[in-house]
Each structure stands twice: as structure tokens, then as C-alpha cells.
Amino acid sequence: MGPLLLTVILASLTPCPATSEKLPDELISSLQNSASYLEKAYKDLNLDGIVGFQFLKEWINHALKKWEKDPQMKSQWQQLADIRSQVSSLIKKTMDVLKETDSVYYEDFSTVIKDGFFKPPSSWTQTDPSLTYNQNSIRECFELVVSNECIMHILGKGEAPGTDCVIPPFCRSNMTLPDCRGYSLSHQMFYFMIAKGKGCTNHLFKVETPFYTARFCANMMKFNLKVEDYGYPFENLDLFMENIMFCGLCGFSDFLKPKWLKKIISWQDPDTGCFRKIKESNVKSDREKHHIPRRVKRREKTLDDGCLCHMGSVAIGALGPFLR
């Protein structure tokens, strides 16, 4: 075991600080609005649009268990319990619809929507800037179809149906490739998260996961800080929030900045609870030369009222870690 990997593993053992501080009222309100949005839109969402709600549900379960006997949290505990009940029911309704309307994608990826597949961390750490890539070598590394295929192999949906945690050579190569950026980088992270949820014990996942998740999240943090510096360009907000959703669930507390929480909530439509295209202001125009990527094609779906399915999902999933 190399010294860098050992350092990463030791850092990941930092205990989660105990706290019974009340949650910001605006966070509770945002979660309630999100549940109301799901109530109205569940028939129109795609599978990508429901993942964030499942992440949120796991965080609510975690918070309810943690605060169950804390008298200071009694009022908010009940509010969260009500949100969980509403979200749980609507996730089931959405999945029933998708089973009929998007059966192929449902068959391939519905496993990740099962309760307990993703679990909040038991300890917290912070990103290590020394793990960031050379700015000049950063690039998109592969198309979304590549990461989807590799995830299918993990879920037992690949060339050997029913056999989980298979790592074809092209997956090992692409999913650990350094110097990636954008959605390539976040999907490398998601690949390792799914392997963990599936309980894979291959050497790559059992031994090397702490190193790779630390490296990925260090570079995802680098991206988020650039997005902040450049005034939160709209085309980067989806990925900005996806990074918080993923790295928050993997225990990197420096993604949980109060100012970022306020920003995410400010992008939510208070009337509908959804997230849609917003008007930019104070965005720096020279972000291209500083490697701030523009929008990459996603499995996005725009609903009739202008609400963005994938963006709404990652926004809601990004709110979850702030319940810690």
C-alpha cells in the first residue's frame, strides 16, 4: 500500500461531529417545496430525475434516526418525517410509471433506486488540494454511454447477465483515468459509488476506492470553486450540484458550504418547487480560457412548465447532505 493511499484512508476515518443544531428554516421549506414538485410532476419524470429524491430520502432516514430522541429537534423531526412519507410514496409511483414508459432504462438502472443502496457516511473528511490535476491537461474523457455500460457491468446487466461487479478492461481504464473533467469525472465517481452500494469486493473497489474517491472529489471541488468564482454560469449549475450530491454522500464536508446551500435554494422556484433555467447576472465572460466547461449533453428532460428534470434531481440530492 502506497503512502498516498494510506494517508487518504486515515483521513477518511475522521469521526462525524455530533450536533443537535436546528436546521435552517429555508432548508426545511425547500425540501417541502421539492416534495410538492414531485407530487405534481412524478408522471413526467425520467429515471435520472428521481435519483436525487432517493438520495434525499436516505439523508432524511439518516437524520430521523440520529435525532429521534432529541427534544430540541422534535418539531423539525416531524417535518422531515412528513417529507419522507410523501417522497417515499411518490418515488414508488414514479417507478411504477417508468416501468411502463421507459422499460429498457428502468430494467438497466432501477437497482440504484432501492432503499439502502446509497448510505450517508459514518465519518467525514475534506478534500485534498494536492490531488488536483494539472489545469492544462484537463479534458472530457468519454461519452455518457461508456460510463452507463460500465455501471451495467457492476449491476449484473452486462455481457454476463446476473454476474455482478464485473470490471472489463475498458471500464478499469476509463473509470480510473486521470485528468478527466466535467461529467466524465462525476461519472467516474458515480461508478465507484454504485460499486460500493452493490457490495463489490474486487481489489479495485475494496482497497482502492478511498484513493479514487478522494482524487475525484478534490477535482470536483476545484471545478465548483471555479464555478463560484465565475459567478455561477447557468450551464455549469447542474454539474456543480451533482458534485455536491455525490461528494457529500461520500463524506466530504467541505462541499457543504452554507453559502452554496443558500445559492441552491435561491435557484429553486418557490411557487412550483422545481428548478428551471435562470437568468444569469455577474457571470465572467472569460471562463472558457480558465477551463470552465460549457454544457455537456445529458439525459435531461424539460417538462411542459420549463422545469428541468435532471437539474431538479441533482439539486434535491444536493440538499440532502446539509441534513447531516
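Source: prediction; values computed, not measured.

(A) Broad picture of the state of the cysteines. For the structure on display, the rule yields five disulfides. Between the sulfur atoms of cysteine 165 and its disulfide mate cysteine 200 the distance is 2.1 Å. Looking along the S-S bond of the cysteine 165-cysteine 200 disulfide, the torsion reads about -85 degrees, which is the left-handed sense. In this pair, cysteine 165 is assigned in the loop between helix 6 (144-154) and helix 7 (169-175) and cysteine 200 in the loop between helix 8 (182-198) and helix 9 (203-206), connecting sequence segments 35 residues apart. With respect to burial, cysteine 165 and cysteine 200 carry one shared label: buried.

(B) Helix 4 (residues 74-101), seen in detail. Compared with the 40 Å implied by 1.5 Å per residue over 28 residues, the 40 Å span of helix 4 between its first and last C-alpha is a close match. Those residues of helix 4 that fall on the buried side of the exposure criterion are Gln76, Leu80, Ala81, Ile83, Val87, Leu90, Ile91, Thr94, Met95 and Leu98. On its buried face, helix 4 sits against helix 2 (25-41), helix 3 (48-67) and helix 5 (103-109).

(C) Structural detail: the side chain of glutamine 268. The topology assignment puts glutamine 268 in the loop between helix 12 (258-266) and helix 13 (309-319). On the basis of relative accessibility, which here comes to 6%, the residue glutamine 268 falls in the buried class. A distance of 2.6 Å separates polar atoms of two side chains, one belonging to glutamine 268 and the other to serine 30. Those residues within four positions of glutamine 268 in sequence are excluded, and the remaining contacts are Ser30, Asn33, Ser34, Gly273, Cys274 and Phe275.

(D) Quick look at the side chain of serine 147. Relative to the helices and strands, serine 147 resides in helix 6. Judged by relative accessible area, serine 147 falls into the buried class, the value being 1%. Engagement of the side chain of serine 147 in a polar contact is seen with the side chain of histidine 187, the distance being 3.3 Å. Apart from the residues lying within four places of it in its own chain, the contact partners of serine 147 are Phe142, Met175 and His187.

(E) Just the pattern of salt bridges, in detail. By the definition in use, this model includes six salt bridges. In this structure, lysine 157 engages glutamate 107 in a salt bridge whose closest nitrogen and oxygen atoms are separated by 3.3 Å. On the criterion of sequence distance, the pair formed by lysine 157 in the loop between helix 6 and helix 7 and glutamate 107 in helix 5 is long-range, its members being 50 residues apart. Classification of lysine 157 as partly exposed rests on a relative accessible area of 28%.

(F) Just the packing of aromatic side chains, in detail. Per the stated rule, a full pass over the model turns up 19 aromatic pairs. Pairing phenylalanine 240 with tryptophan 267 gives two aromatic rings, centres 6.0 Å apart and planes at 75 degrees, and the pair type is edge-to-face. Placement of phenylalanine 240 in helix 11 (residues 234-249) and of tryptophan 267 in the loop between helix 12 and helix 13 is noted, with a sequence separation of 27 residues between them. Of the residues examined, tryptophan 267 reaches a relative accessible area of 8% and is grouped as buried. Sitting over the face of the ring of tryptophan 260, lysine 257 holds its NZ or CZ atom 5.3 Å from the ring centroid. In this structure, arginine 324 packs its charged tip against the face of tryptophan 124, placed 4.6 Å from the ring centre.

(G) Fine view of the packing of helix 2 against helix 13. Orientation of helix 2 relative to helix 13, taken along the N-to-C sense of each, is 145 degrees, at an axis distance of 11 Å. Crossing angle aside, the handedness with which helix 2 passes helix 13 is left-handed. Taking contact as the criterion, the partners of Leu27, Ser30, Leu31, Ser34 and Tyr37 in helix 2 are, on helix 13, Cys309, Ile316 and Leu319. Per-class residue counts for the contact of helix 2 with helix 13 are six nonpolar, two polar and no charged.

(H) Fine view of the packing of helix 8 against helix 10 (residues 209-229). As a packed pair, helix 8 and helix 10 sit with axes 10 Å apart at the nearest point and diverge in direction by 150 degrees. The angle between helix 8 and helix 10 falls in the class roughly antiparallel. Note on packing geometry: the crossing formed by helix 8 with helix 10 is left-handed. Between helix 8, through Leu185, Ser186, Gln188, Met189 and Phe192, and helix 10, the contact on the second element is made entirely by Thr209, Tyr212, Thr213, Phe216, Cys217, Asn219 and Met220.

(I) View of the environment of arginine 215. Here arginine 215 is to be found in helix 10. Remark: the alpha-carbon pair of arginine 215 and proline 178, spanning 37 residues in sequence, is separated by 8.9 Å. Other than its neighbours up to four places away in sequence, arginine 215 contacts Leu131, Tyr133, Thr176, Leu177 and Pro178. In terms of polar contacts, arginine 215 uses its side chain to reach the backbone carbonyl oxygen of threonine 176, at 2.8 Å.

Each value, and the rule that gives it
- Residues numbered from 1 in each chain as written.
- Predicted model: local features only at pLDDT ≥ 70, side-chain atom pairs only at ≥ 80, totals over all residues.
- Heavy atoms only, no water.
- Disulfide = S-S within 2.5 Å.
- Helix = DSSP H or I, 4+ residues; strand = E, 2+ residues; numbered from the N terminus.
- Buried < 20%, exposed > 50% of the residue type's maximum accessible area, 1.4 Å probe, protein only.
- Expected span 1.5 Å × (residues − 1).
- Contact = heavy atoms within 4.5 Å.
- Polar contact = N/O pair within 3.5 Å; in protein donor to acceptor, adjacent residues only side chain to side chain.
- Salt bridge = Lys/Arg side-chain N within 4 Å of Asp/Glu carboxyl O.
- Phe/Tyr/Trp six-rings, centres within 6.5 Å; stacked < 30°, edge-to-face > 60°.
- Lys NZ or Arg CZ within 6 Å of the ring centre and 35° of its normal.
- Axes fitted to C-alpha atoms, helices over the stretch in contact; angles between N-to-C directions.
- Left-handed = near helix turned anticlockwise from the far one by under 90°.
- Nonpolar A, V, L, I, M, F, W, Y, C, P; charged D, E, K, R; others polar.
- Parallel < 35°, antiparallel > 145°, perpendicular 65-115°, else oblique.

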